[in-house]
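Analysis of the macromolecular model
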Amino acid sequence: MRRVLTTAILGLSLLGAAACAADPAPSAAAPSSAASAAVPSSAAASAAPAAPTGTKDKAGTCAAFNELAFSPKGLAVLAATGKIIGAALGDEAKAKEQIPLLGKAIEEYRAELVKISADTANAELKAALEADLAMVAAGGQAVAAANGDLNKIIEVLESTALDFETGRTARICQA
């Protein structure tokens, strides 16, 4: 349980650091190549990332990404995680009641991330967002595959499957 609490606290700290490090001013740096490892979640994802078709530059995309972290949909994942961990310490039945909320929160976060990805005009961020979307989807699938088993859910929470704020997009936006 200490590892879970430590992970949650570390996640909150990184989330705060990411928000503070966001640079809302337009960047003069040219976007780097989108040559990155393909995401093996599906045949479509293993192909080259889709060309960006959105309207937001790097600064706008990073601002939207950082805003998502502090939006009700972004914080819902953290809140559900905290409720599961807190309840698991004292009442396993209450913790199990929170599991569907975690699945719903992950899906809502993923849906918002899809919108941000669709609206970016930056190729590097588009590739990073697609990779992060695959990670979020895998995390949601891992929670669903746990089928309500609290121990398996805790394992997912302790893994990097739901480590949204240290993904590729967060690293690019912090740079």
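Heads up: these notes are all about the structure in this document.

Rules used throughout
- Residues numbered from 1 in each chain as written.
- Predicted model: local features only at pLDDT ≥ 70, side-chain atom pairs only at ≥ 80, totals over all residues.
- Heavy atoms only, no water.
- Helix = DSSP H or I, 4+ residues; strand = E, 2+ residues; numbered from the N terminus.
- Disulfide = S-S within 2.5 Å.
- Buried < 20%, exposed > 50% of the residue type's maximum accessible area, 1.4 Å probe, protein only.
- Salt bridge = Lys/Arg side-chain N within 4 Å of Asp/Glu carboxyl O.
- Expected span 1.5 Å × (residues − 1).
- Polar contact = N/O pair within 3.5 Å; in protein donor to acceptor, adjacent residues only side chain to side chain.

**Quick look at unusual backbone geometry**
- Unlike most non-glycine residues, Asn 147 shows phi in positive territory, near 50°.
- On the secondary structure map, Asn 147 appears in the loop between helix H6 (123–145) and helix H7 (150–158).

**Digging into the state of the cysteines**
- Within this structure, the stated rule accounts for one disulfide.
- Paired through a disulfide, Cys 62 and Cys 173 show a sulfur-sulfur distance of 2.1 Å. Between Cys 62 and Cys 173, the S-S dihedral sits near -85°, and the bridge is therefore left-handed. Placement of the pair is Cys 62 in helix H3 (residues 58–70) and Cys 173 in helix H8 (residues 168–174), with a sequence separation of 111 residues. Note on accessibility: Cys 62 and Cys 173 belong to one class, buried.

**Details of the pattern of salt bridges**
- Considering all chains together, one arrives at seven salt bridges under this definition.
- When the shortest N-O distance is used, the salt bridge between Lys 56 and Asp 119 registers 3.9 Å. Remark: Asp 119 occurs in the loop between helix H5 (92–118) and H6 and Lys 56 occurs in the loop between helix H2 (43–46) and H3; sequence separation between them is 63 residues.
- Judged by relative accessible area, Lys 56 falls into the partly exposed class, the value being 32%.
- Here Glu 112 makes a salt bridge to Lys 73, at a shortest N to O gap of 3.2 Å. With a gap of 39 residues between them, Glu 112 in helix H5 and Lys 73 in helix H4 (residues 72–90) connect regions that are remote in the sequence.
- Residue Lys 73 is classed as partly exposed on the basis of its relative accessible area of 34%.

**Points about H3**
- Its 13 residues give H3 an end-to-end C-alpha distance of 19 Å, which sits within 8% of 18 Å, the value for a rise of 1.5 Å per residue.
- If you check which residues of H3 are buried, you get Ala 59, Thr 61, Cys 62, Ala 64, Phe 65, Asn 66, Leu 68 and Ala 69.

**A closer look at the side chain of Thr 120**
- Positionally, Thr 120 belongs in the loop between H5 and H6.
- On the basis of relative accessibility, which here comes to 0%, the residue Thr 120 falls in the buried class.
- Polar side-chain contacts of Thr 120 include one of 3.2 Å to the backbone nitrogen of Asn 122.

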